[in-house]
Amino acid sequence: MSGTIRLTAAQAMVRWLSVQMTEEGERFIDGVWAIFGHGNVAGIGEALHGIGDALPTWRGQNEQTMAHAAIAYAKGKARRRAQAVTASIGPGSTNMVTAAALAHVNRLPVLFIAGDVFANRRPDPVLQQVESFGDGTVSANDCFRPVVRYFDRITRPEHLLTALPRALRVMTDPAECGPVCLAFCQDVQAEAYDWPEAFFMPRTWRIRRPAPDAAELAEAAAMIRAAKAPVLICGGGVIYSGAEDALGDFASRLNIPVIETQAGKSALPQSHPMNFGAAGVDGSAAANAAVQEADLVIAVGTRLQDFTTGSRTLFPKARILGVNVQTHDAGKHGAATLLADARVALEALAAELKGLRFDAADPQARADWLAVVDAHCATTPAGLPTDAQVIGAVQAAAPDGIAMCAAGTMPGALKLLWQASRHGYHMEYGYSCMGYEVAGAMGLKLARPERDILCFVGDGSYMMANSELATAVMRRIPFTVILTDNRGYGCINRLQAHSGGAAFNNLYLDCRIEAQPQIDYVAHAASMGAHAVKAGDLADLQDQIRAARGRDIPTVIVIETTARPGPGDGLEAAGHFWDVAVPEVGETDTLKQAYARYIQHVAQQALIN
């Protein structure tokens, strides 16, 4: 095919995206979320209208939350498919920067198509253009550079011939996977060019599975053979690799306990005998005891976030073996590295270690912990329920649903208490972005339409971003929102108290306001078309969750919860240190005591990088 076809740059871009395929024969870019403005309506908007169902366009309510939906979709698809998001020049595009950072931290693919200034500069400064006094090449979209894996500014139509394949290479690369930003100058979007017809031939993008280096594999096997009490940490890379069965088989054969990160939770169901639960700051007693006694930590597909490592205090004496496709993550904490796809690496290690078995996993410790969880989640509250009691009620009503959340107290409680079925957990905790939840639930339901989606959101996060409820109603995307109302930012109020601070500016009771708010969340959600109710108690909450299954629109269930400071969940045996700096100088005894505790923990930190 040697001919050419004359198209605008925007028309060429959407045509090319429409024929980029997965190994299963689906479009890799499922479609495009769009809010149009003067930076993209005439060029990209016309092109998307023209291509129609070959690359569908969906309208959202906010650029950031549209991108959150796209990110949740990619996570729900285990990075096998993605979505694009386009916004206009100026605030439309900068609204997406937070979402780009979220995708970057979580290693998730999303294509940001940001409207940009005029390449020809004739109308400079165009409406909403950010002018740099010292650099004529800068636009607001340069804000994306630190928070995407690949950035390109399209100032000529033919730039797409190289920029688009580079973008897809990044988004489908197991090591470099993450967000991409194409800042698309608005005049260039509308320019015509004679494109090679071959450019639009369908292409299949395969996800590579890098095999381990022979020397690294031998070293890793030797480290495991020499260990007395190894522990496996399961990160999100296990799920993205499809290594769940390989991990379960490896752990069972060698009798090594598995502890979970936020991203890795539900790779093994909670019922798996080697699953010892959550690790670290929000970790289970069984998991943290196992890792503190370990002499070798095998970290599979995890970036070893501070919550997992107890801010580098949880396993300072253990050797670490980092199994990861990304060298940046594999070598953290001075780890020996095994650079490889998680599934390939675990299968290769299993072959090397055939017949080896440890006494590392203590089934009684696991059973004792789960008994504590069961008893506590079943507790009937004397007053307003805690987050843990809400979790217990939801778990009983929808044991096979996918629990999802992002910020506040609930992520830690869910990681600790939610007894997930396989792939029954979706947490955005890399960036812990308030406002992700509602839009994320919509994106997750698009990715996993066969599952019940249970969106846990606090009143603080709900107030930050809730408008995609209207989008979900319009598109008939059903999911269930459990809105826990503790009358403010209860999580940060607890952290403030734990750090020796006075209650200040978190709960509405402690804010400088003239009147306490009377927010009717039921009426608010109903005004956008959702089915909305207030649960009178935990039994009512369960009934409402069951009733939601027959609807084709979102259901919002509001329940009031306690906002008291302190753990509040009765799980004193769980958890570990988290490094939140406490003021060295202060007047109150509470602050002085908090600083003394802080210094004791900081002294235990292992700072090898």
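Fair warning: this is a prediction, and the values are worked out from it, not measured in the lab. (Residues numbered from 1 in each chain as written. Predicted model: local features only at pLDDT ≥ 70, side-chain atom pairs only at ≥ 80, totals over all residues. Heavy atoms only, no water.)

(A) A look at the pattern of salt bridges. Inspection of the entire model under this criterion finds 24 salt bridges. Of the charged contacts in the structure, one is a salt bridge between Asp30 and Arg81, with a shortest N-O distance of 3.3 Å. Remark: Arg81 occurs in the loop between helix H3 (63-76) and strand E5 (82-87) and Asp30 occurs in strand E3 (residues 29-34); sequence separation between them is 51 residues. One exposure class covers both Asp30 and Arg81, and it is buried. Here Arg476 and Asp552 are joined by a salt bridge, their closest N and O atoms 3.5 Å apart. You can see Arg476 sitting in the loop between helix H20 (468-475) and strand E20 (480-485) and its partner Asp552 sitting in the loop between helix H23 (538-548) and strand E22 (555-560), a full 76 residues away along the chain. When its relative accessible area of 46% is taken as the criterion, Arg476 is described as partly exposed. Look at the salt bridges and you will find they share partners, linking Asp116, Asp142, Arg145 and Arg153 into a network. (Salt bridge = Lys/Arg side-chain N within 4 Å of Asp/Glu carboxyl O. Helix = DSSP H or I, 4+ residues; strand = E, 2+ residues; numbered from the N terminus. Buried < 20%, exposed > 50% of the residue type's maximum accessible area, 1.4 Å probe, protein only.)

(B) Here's a closer look at the packing of H3 against helix H5 (residues 97-106). Interhelical geometry of H3 versus H5 gives an angle of 20° and a closest axis separation of 8 Å. Taken together, H3 and H5 sit at an angle that is classed as roughly parallel. The two elements H3 and H5 meet at a crossing, and its hand is right-handed. Between H3 and H5, the residues in contact are Gln64, Ala67, His68 and Ile71 and Thr98, Ala99, Leu102 and Ala103, respectively. (Axes fitted to C-alpha atoms, helices over the stretch in contact; angles between N-to-C directions. Parallel < 35°, antiparallel > 145°, perpendicular 65-115°, else oblique. Left-handed = near helix turned anticlockwise from the far one by under 90°. Contact = heavy atoms within 4.5 Å.)

(C) Main features of the sheet that holds strand E6 (residues 111-116). The sheet built from six strands is open, its strands ordered E4-E3-E5-E6-E8-E7 with parallel pairing. Either end of the sheet is taken by a strand with one partner, and the two such strands are strand E4 (57-59) and strand E7 (150-154). Taken over all neighbouring pairs, the strand axes of this sheet differ in orientation by 20° on average, direction set aside. Summarising the sheet, E5 and E6 pair through four bridges and their orientation is parallel. Looking at the pairing, Thr86 lines up with Ile113 of E6. (Pairing = 2+ DSSP bridges.)

(D) Main features of the sheet that holds strand E19 (residues 453-458). If you walk across this open sheet you meet the six strands as E18-E17-E19-E20-E22-E21, and the pairing is parallel. The sheet is open, and its two borders are formed by strand E18 (425-427) and strand E21 (531-534), each paired with just one other strand. Direction aside, neighbouring strands of the sheet carry axes that sit 20° apart on average. Bridge count between E20 and E22: six bridges; the pairing is parallel. Its bridge partner being in E22, Thr480 is matched across the sheet by Thr555. Packed onto the sheet, helix H17 (residues 410-417) meets strand E17 (402-405), E18, E19 and E20 and runs at close to 150° relative to E18.

(E) Broad picture of H5. Burial within H5 is extensive, with eight of its ten residues counted as buried. What H5 keeps buried is the set Val97, Ala99, Ala100, Ala101, Leu102, Ala103, Val105 and Asn106. Against the buried residues of H5 lie H3, helix H4 (91-94), E6 and helix H9 (236-241). Phi turns positive one or two residues past the end of H5, at Arg107, with a value near 60°.

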